[in-house]
Structure formats: C-alpha cells, structure tokens
Amino acid sequence: MDDPVLLTGAGGAVGAAILEGLEDAYEWKLMFHSPPAEEPDHEYLIGDVSSEGDVAAAMDGVGAVIHLAGDPRPEAPWDSVLTNNIDGTQKMYEAAIDEGVEKFVFASSNHAVGAFETDERTPEMYRPDDQYRLDGSELPRPGNLYGVSKATGEVLGRYYHDQHGLSVCNIRIGNLTRGHPPIDYERGQAMWLSYRDCAHIHDCALQADYEYEIVYGISDNDRKYYSIERAKEVLGYEPMDNSAHFEGEERVAEPDA
Ligand SMILES: NC(=O)C1=CN([C@@H]2O[C@H](COP(=O)(O)OP(=O)(O)OC[C@H]3O[C@@H](n4cnc5c(N)ncnc54)[C@H](O)[C@@H]3O)[C@@H](O)[C@H]2O)C=CC1
Ligand SMILES: O=C1O[C@H](COP(=O)(O)O)[C@@H](O)[C@H](O)[C@H]1O
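Just so we're clear, the structure is a prediction, and the values are computed from it rather than from any experiment.

Let us look at the overall build of the protein chain. Of regular secondary structure, the protein chain possesses seven helices and 11 strands. Since a compact globule built from 257 residues should have a radius of gyration of about 18 Å, the 17 Å found for the protein chain is in line with a globular shape. Projected onto the principal axes, the alpha-carbon positions of the protein chain cover approximately 50 × 35 × 35 Å. The buried share among the 257 residues of the protein chain stands at 54%. Within the protein chain, residue pairs in contact and separated by at least 24 positions form 67% of the contacts whose partners lie at least 6 positions apart. A gap of 7 Å separates the mean positions of the 19 positive and 50 negative side-chain charges of the protein chain.

Encoded structure:
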C-alpha cells in the first residue's frame, strides 16, 4: 500500500492497538473526533464522520481506509448509532468512492450477530468443548440497536462493493482488551482479541486480495463460537494469542511455535 491509509477513530482503543502494532508499516492519516492529548507522529485531522466536508478532507489523497469511528456502546441509543455509525459510515463510503479508494476495512462487531446467543445455547457455547460456530456466512442477527448499526454498515459495504467495485472487509471484532483476556467473563474470553492480533488482522486486511468479506476478529481462543477459518484462508490471518493461555491477568502458557 503506497498511498496513505486513513484511520478513523484513531483516538480509541482499537485505533491504539492498530497504531501500536503497525506504526511504521504504513503512511497513516489519522482522524480524531477531538484534539488528541499528544501531538501524533502522523498526519492527522479533527473531524466528524457525519460531516460531508470533514469526511472529504479526511479521504483526500488516501488509498485505503480503516473505519473505526462510531459509538461503540452496545447500549447506545438509536439517535447516536443512526448519526455516528450508520450515517457516518455511508458518508465514508461515498467519499471513498469519490476518491477512488481501493480498500475499505470496516469495524463491525460481535453484536451484529449477538442474538445467536440464545438461552438454549448459552453458556455452553462459550466453552471449549462446544462445537457451535458462526462463520460469517450467516445472516446478521443483532441483539441491540448498536448491533443493527453494525449489520447496516456491513450491508452498506456490500452495496458499495457491488456498485463501485472497491474491496470491502468487515471485521466482526470480538472483545479487545489490553494485556490479558477479560476476567470472570466467559463470553469475553471466547471472543477475546489481543492487541497484537488486532493489529495483525487489520494489517492482513490491508494486504490481502479480496472482493467482499465478513470475517471474525478474535484471537485463537480454545473457547470460541466464531470461526476464524475465513480470516485465515482469505486474509492470511495467523493469530498469536489464546485466552486459554491466561489465568486471570497472568500468562501461564506461550503461543505454539
Ligand atoms: N473495542 C472492542 O472490543 C470492539 C470495538 N468495535 C468497534 O470498533 C470501533 C472502535 O471501537 P473502540 O476503539 O473500542 O471505541 P472507542 O470509543 O475507544 O473509539 C471510537 C472513536 O471514534 C470516535 N468517534 C465517535 N463518533 C465519531 C464521529 N461521529 N466522528 C468521528 N469520530 C467519532 C471517538 O471519539 C473515539 O475516539 C467501533 O466502531 C466499535 O463499534 C467492535 C467490536 C468490539
Ligand atoms: O462491539 C463491541 O463489543 C465488545 C464486546 O461486547 P460485550 O457486550 O461483551 O462487552 C464491547 O466491549 C465493545 O464496547 C463493543 O464496541
């Protein structure tokens, strides 16, 4: 990727994981919602993804996009997800088409399919011996309006890919936590995404060749109900981490060589 990569939501947790892992791998153009506490080492701008003018300025001169900006709260109200997540993502796609961007990586979420976790399936589906898997080919099944907004972002990508040909990768991110998996939270351990695996899967999504993809962004956890086979096959994703390698905050096993 020779042209700069636009990273929206650069000031957030996922943005931090990506920048920590891939700081020198790309020429970054960062978009923040409010001024960052420290002066970034990369080109940046302040803007709102629901503003056509801000988005056009952000997109100017970039060859690829990682779109993270939005309201990440599972309990977010409709007004917020409508503006920040749905309208913001549609404006990002329009501007990407106008700019001739090649690749668009969208931060989707486990909550786009949260309602597959029925009373009958849980908590067994969170456990290592359970064989239930979602693989990205299933229809969205959100359990909240935030999940609806993420499913809508995926469908917007489908539309802009089919009509305009840009490559789109939707990463249904699990639960990103720094340093160790969530503690005393089986669901979170089953969908843990470590910081370095987060950076790696986004790197893969910038490098690989594909048309339109939906993949799960989790580490290679023994507990899992999301298949990572599609991410491995299409993107070349090779996760390093596994929530089973931790007891609480402490790492008790190393990744397989
Ligand atoms: N952290 C996680 O485990 C997961 C995150 N995601 C998704 O990844 C993305 C990033 O999430 P996090 O970094 O955790 O959230 P975060 O809240 O730490 O970062 C989101 C960033 O987007 C910015 N933002 C919000 N609305 C904006 C707008 N209208 N215009 C411009 N910027 C705006 C915020 O200022 C913030 O810096 C979100 O889209 C979220 O839905 C999906 C699944 C799991
Ligand atoms: O999409 C997201 O998912 C993670 C995990 O969901 P949770 O309901 O198990 O906490 C969430 O932490 C994050 O805020 C959200 O953006």
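Moving on, we come to the site of ligand 2. As a matter of local geometry, ligand 2 sits amid Pro 72, Pro 74, Ser 109, Asn 110, His 111, Tyr 146, Gly 174, Asn 175, Tyr 185 and Arg 187. Within the side chain of Asn 110, a nitrogen or oxygen atom sits 3.1 Å from an oxygen atom of ligand 2. The contact in question runs from an oxygen atom of ligand 2 to an N or O atom on the side chain of Arg 187, over 2.8 Å. Its free accessible area being 380 Å², ligand 2 has 71% of it covered by the protein chains. Class assignment of the residues belonging to the shell around ligand 2 gives a composition of four nonpolar, five polar and one charged.

Time to look at the pairing of strand 9 (residues 212–217). A regular strand places its side chains on the two faces of the sheet in alternate fashion. With six of its six residues buried, strand 9 lies for the most part within the structure. Neither face of strand 9 is open: one carries Tyr 212, Ile 214 and Tyr 216, the other Glu 213, Val 215 and Gly 217, and all of them are buried. Two elements, strand 6 (residues 167–173) and strand 9, share six bridges in a ladder whose sense is parallel. Bridging across to strand 9, Ile 173 finds its partner in Gly 217.

Turning our eyes to something else, we now look at the site of ligand 1. In the neighbourhood of ligand 1, 23 residues make up the surrounding shell, with Val 14, Leu 68, Asn 84, Tyr 146 and Lys 150 lying closest. Leu 176 places a polar main-chain atom, nitrogen or oxygen, 2.9 Å from an oxygen atom of ligand 1. Compared with its free state, where it exposes 810 Å², ligand 1 has 83% of that area covered by protein. Going through the elements one at a time, helix 1 (13–22), strand 5 (103–109), helix 4 (145–164) and strand 7 (175–176) are the ones with two or more residues in the shell around ligand 1. Element by element, the count of residues in the shell around ligand 1 is highest for strand 5, at three residues. Here the shell around ligand 1 is built from residues that sort into 10 nonpolar, 11 polar and two charged.

Formed by 48 residues in total, the largest nonpolar core has its most connected members in Leu 7, Ile 18, Trp 28, Ile 66 and Leu 235. Filtering out sequence-adjacent residues up to four positions away, Ile 18 remains in contact with Leu 7, Glu 23, Trp 28, Ile 66, Leu 68, Cys 198, Ala 199 and His 202.

Before going further, it helps to spend a moment on helix 3 (residues 78–99). In an α-helix, one turn spans 3.6 residues, which is why side chains three or four residues apart end up on the same side. In a regular helix each residue adds 1.5 Å, so 22 residues correspond to 32 Å; helix 3 covers 30 Å between its end C-alpha atoms and thus fits that length. Its maximal kink placed at Gly 88, helix 3 deviates by approximately 30°. What helix 3 keeps buried is the set Ser 80, Val 81, Asn 85, Ile 86, Gly 88, Thr 89, Lys 91, Met 92, Tyr 93, Ala 95 and Ala 96. With its phi angle positive at about 75°, Gly 100 sits one or two positions after the end of helix 3.

About the criteria used
Residues numbered from 1 in each chain as written. Chains lettered and ligands numbered in written order. Predicted model: local features only at pLDDT ≥ 70, side-chain atom pairs only at ≥ 80, totals over all residues. Heavy atoms only, no water. Helix = DSSP H or I, 4+ residues; strand = E, 2+ residues; numbered from the N terminus. Rg over C-alpha atoms; globule rule 2.2 N^0.38 Å. Buried < 20%, exposed > 50% of the residue type's maximum accessible area, 1.4 Å probe, protein only. Contact = heavy atoms within 4.5 Å. Lys, Arg positive; Asp, Glu negative; His and termini not counted. Charge placed at Lys NZ, Arg CZ, Asp CG, Glu CD. Near = heavy atom within 4 Å. Polar contact = N/O pair within 3.5 Å; in protein donor to acceptor, adjacent residues only side chain to side chain. Areas by Shrake-Rupley, 256 points an atom, 1.4 Å probe, with all protein chains shown as cover. Nonpolar A, V, L, I, M, F, W, Y, C, P; charged D, E, K, R; others polar. Pairing = 2+ DSSP bridges. Core = buried A, V, L, I, M, F, W, Y, C linked by side-chain atoms within 4.5 Å. Expected span 1.5 Å × (residues − 1). Bend = angle between axes of the 7 residues up to and from the residue.

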